[in-house]
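Now for the letters of each chain:
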Amino acid sequence: MTFASIAFKNVRKKFGSYIIYFLSTTFSVVLFNLFCSMYFNPTFEKYRFGTGKMSVLFKGASIAVFLFAAVFVMYAGSYFLKTQKKEIAIYSVLGMRKGQIAMLMFLETFFIGLLAVAAGTVIGAVSAGYTVSLLLRFMGESTKIVFTVEAGAVMVTLIAFILLFAVSGLRAYRVIYQYSLIELLSAEKQSEKLPGYSVPGAVAAVIFLAAGYTICMRMDVYVGGLNLLKPTFISALCILIGTYFLFRSLVPALVAAVKKREKFYYKTSNYIGISQIAFRLKGNARMFTVISLLTAITITMISASYSFYNLIGGEGTESYAPFSYLAKNIDEDQHDRILSTISEVGEVSVTSEDKIELINIELQNNQYAVKDQQTGETISGLSVKSYLMSESMYLKIIEETHTPGGKMSETRSDFKGGLDDVSCYFIDGNAVSDYCSNLPGQEMQVSFHNENEAYTVQGISLHKYLGVLDLYKHPTIVVSDSNYKRFYQKAAAEDIDTFYGFQFDDDMKASQTVEAIDRFIPARFHHGGLPGNISYIGIYKANFALFGSYAFIGFFLGALFSLASGSTLYYKLIIEAEEEAPRYAILRKTGMNGRELTSSIAKQLGLVYGMPLAAGLLHTVFGLLLYIHALGEMSAQTSAALDAVIVVLLNIAVYGVFYFLSVRSYRKIVCRSV
């Protein structure tokens, strides 16, 4: 009988104990294969370097899945090797050389990996077409998918995971050569020392967590680049360190305090459960830290992605494209050609058209500033480049873009008209109301052709009536028609920016029309992932192509994190059950009944699952608050809180399944020894 056949028989006999590990690793292989399949799929060829740069997303997702799978495989593999110490010792007693035992252990581990790779690759290849279709739905596309098995994806998956499981199998050599025969035979009898805790460590947990949360809440999310990266890194590091000290010192300190409450502690089920937690906290501190952080990342990532995904389909798109198509400073021939093209394509018809003539002026107010989104710099009192618009034109824009009423929103306005010759309505170009909220009642200085006039601010708004890109850091004041006429008469051609806003009867059917117009209207914008000219359908597709893929990837990565975290806890507890079985046998013989045993196990395992979940949910609260803060005034239109509740419930359900499986398996193991 060869080593391969012995290893295969061992895998077959013990497959029941491997099943959760097998399913988790198979799911990792499936996800890796799916993301690789999407990268190689010709359907996404147009996204390789265009909208959203999908190749970068798929590569990043594939790497994240593989790295996470590698950590999980190595981590879970260490548990299996721990349970095999006695088996290895028996082989040694029977006369097998260390090299032979090592080969046997390598083959056994490698066979499980091969089965997971084979199953995952087949499932991934078969389901790739359906998954791509689902992704395209997330992206707002309707491209039909032809089912194909991407050979490149299959080869990359096989090579990557076969190498991973080969490395995992080689770890068996460490067990063979690291321990002596006596240590292997007595592995189950080796006891853990009661972990100590330090008061400074407990205090450090509170300080680091408080510091991380404080930095998170005070972070200026409107500053880009390295200015935002630095506080983000510091906050994350503080939360990481604080979480570790939480489980390493603070929770053990609380357990020690509970043990002093004798009436509660010396109840049989409480005594056993609390004692087990006290012994296990030291060894599990790092695992609890990782799982709590993964839980927070999973819930925050999925909740934020999904809520923002819902937002961009409505007011998120309208904030960029309030008109069906917007052209700037085009001549009469181009204007007429736009109308003729719309008629020739025949997809849509024009329901309204606005010629918006905005006069370039300078504004100044001692308390007003435009915030630089890259540097975060704000200097009040500086002169700001701005637009001047007539009252009647703004009312017409509100009517024809169907702008809903509301305050401090990029897509809403409360302007009702009624301006006199000394008042104005102020539309801020900033993303938040911090810089204009105190302006009502104050005077705004208007400079034009070296002449200065002052207008009293009657009302304020953040309404991006031309879209965010055109009004980014570019405020507007609305004045009475008579005042606008005076400025217009003094203006030269170069002082006026003319926008043509077209409204179609059905924006979602205007794809070919917009593409035809863009062929002869020069592109105005060169932002990665956004169209060159602003149209509703163009922004809609660009947003969904990018954020739809984010939501899709976030959903699958979140599912992987939850499954792997639950699997890790499950195997950790099952291995501990093997070690605790003799102790429970003694307790049963001294009078502990089955009901008390089950209660003790349920409480103990409930704490093991509950502690990292509770810490993760606490981190999630601050992560979502940061996300809502980043949305600014648009946060009122999101359902982030409701989405987070749903994701939390789903995550708890996943942990609940693993919890009940753990309780069942744990009880079965400890009762077996009685």
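Refer to the preceding data block for the structure.
It should be emphasised that the depicted structure is a prediction, and the values quoted were computed from it without experimental measurement.

This part is about the overall build of the protein. When you go through the protein residue by residue, the secondary structure sums to 20 helices and eight strands. Counting over 674 residues, the protein shows a buried share of 52%.

Within the element layout of this structure, Ile-359 appears in strand β2 (residues 350-364). On the basis of relative accessibility, which here comes to 0%, the residue Ile-359 falls in the buried class. Separated by 139 residues in the primary sequence, Ile-359 and Thr-498 place their C-alpha atoms 8.8 Å from one another. If sequence neighbours within four positions are ignored, Ile-359 has contacts with Ser-386, Tyr-387, Leu-388, Phe-448, Tyr-484, Phe-487, Tyr-488, Asp-495 and Ile-496.

In this section: unusual backbone geometry. One non-glycine residue with positive phi stands out, namely Asn-450, at about 65°. With respect to the helices, strands and loops of the structure, Asn-450 is situated in the loop between β5 (443-448) and β6 (451-461). Look at Asn-450 and you get exposed, because its relative accessible area is 84%. Positive phi values are uncommon outside glycine, yet Lys-473 reaches one of about 60°. Mapped onto the elements of the fold, Lys-473 is located in the loop between β6 and β7 (476-479). Accessibility expressed as a relative area gives 30% for Lys-473, which makes it partly exposed.

What follows covers the side chain of Thr-289. Examined against the element boundaries, Thr-289 turns out to sit in helix α12 (residues 268-312). Setting aside residues up to four positions removed in sequence, Thr-289 forms contacts with Leu-240, Thr-243, Tyr-244 and Phe-247.

Locating Ile-356 in the fold gives a position in strand β2. Each C-alpha atom of the pair Ile-356 and Asp-497 lies 8.1 Å from the other, and the pair is 141 residues apart in sequence. Leave out the neighbours within four places in its chain, and Ile-356 touches Phe-323, Met-389, Met-393, Ile-397, Leu-466, Asp-497, Thr-498 and Phe-499.

It is worth spelling out the packing of aromatic side chains at this point. In total, this model carries 16 aromatic pairs according to the counting rule given. Aromatic pair Tyr-244 and Phe-245: ring centres 5.9 Å apart, planes at 65°, arrangement edge-to-face. Ring pairs connect the aromatic residues Tyr-394, Phe-415, Tyr-425 and Tyr-465, which therefore count as one cluster. Over the face of the ring belonging to Phe-520 we find Arg-337, whose NZ or CZ atom lies 4.1 Å from the ring centre.

Attention shifts here to the nonpolar core. As a rule of thumb, nonpolar side chains are buried together in soluble globular proteins. Formed by 37 residues in total, the largest nonpolar core has its most connected members in Leu-31, Phe-35, Val-65, Phe-161 and Phe-165. Breaking this core down by element, the ones donating at least two residues are α2 (15-40), α3 (54-83), α5 (98-138), α6 (151-170) and α18 (536-589). The leading source of residues in this core is α2, at nine residues. Setting aside anything within four residues of it in sequence, one finds Phe-161 in contact with Ser-28, Val-29, Phe-32, Phe-66, Ala-69 and Val-117.

One ladder, built from five bridges, connects strand β4 (residues 423-427) with β6; its direction is parallel. By the bridge assignment for β6, Tyr-425 is matched with Gly-459. Examined bridge by bridge, β5 and β6 share six bridges and lie antiparallel to one another. Bridging across to β6, Val-446 finds its partner in Glu-453. Following β5, the chain reverses through two residues before pairing antiparallel with β6; His-449 in that reversal takes a positive phi of roughly 55°.

Okay, a negative patch on the surface next. A grouping of Asp-331, Glu-332, Asp-333 and Asp-336 is seen on the molecular surface, where their side chains present a negatively charged patch. Turning to its location among the elements, Asp-333 is positioned in helix α14 (residues 332-345). Residue Asp-333 is classed as exposed on the basis of its relative accessible area, which comes to 60%.

Rules of the game
Residues numbered from 1 in each chain as written. Predicted model: local features only at pLDDT ≥ 70, side-chain atom pairs only at ≥ 80, totals over all residues. Heavy atoms only, no water. Helix = DSSP H or I, 4+ residues; strand = E, 2+ residues; numbered from the N terminus. Buried < 20%, exposed > 50% of the residue type's maximum accessible area, 1.4 Å probe, protein only. Contact = heavy atoms within 4.5 Å. Phe/Tyr/Trp six-rings, centres within 6.5 Å; stacked < 30°, edge-to-face > 60°. Lys NZ or Arg CZ within 6 Å of the ring centre and 35° of its normal. Core = buried A, V, L, I, M, F, W, Y, C linked by side-chain atoms within 4.5 Å. Pairing = 2+ DSSP bridges. Patch = residues over 30% accessible without salt bridge, like charges linked within 9 Å, V, L, I, M, F, W, Y side chains within 5 Å. Areas by Shrake-Rupley, 256 points an atom, 1.4 Å probe, with all protein chains shown as cover. Salt bridge = Lys/Arg side-chain N within 4 Å of Asp/Glu carboxyl O. Lys, Arg positive; Asp, Glu negative; His and termini not counted. Charge placed at Lys NZ, Arg CZ, Asp CG, Glu CD.

Treat this as a map of the structure, not an account of what it does.
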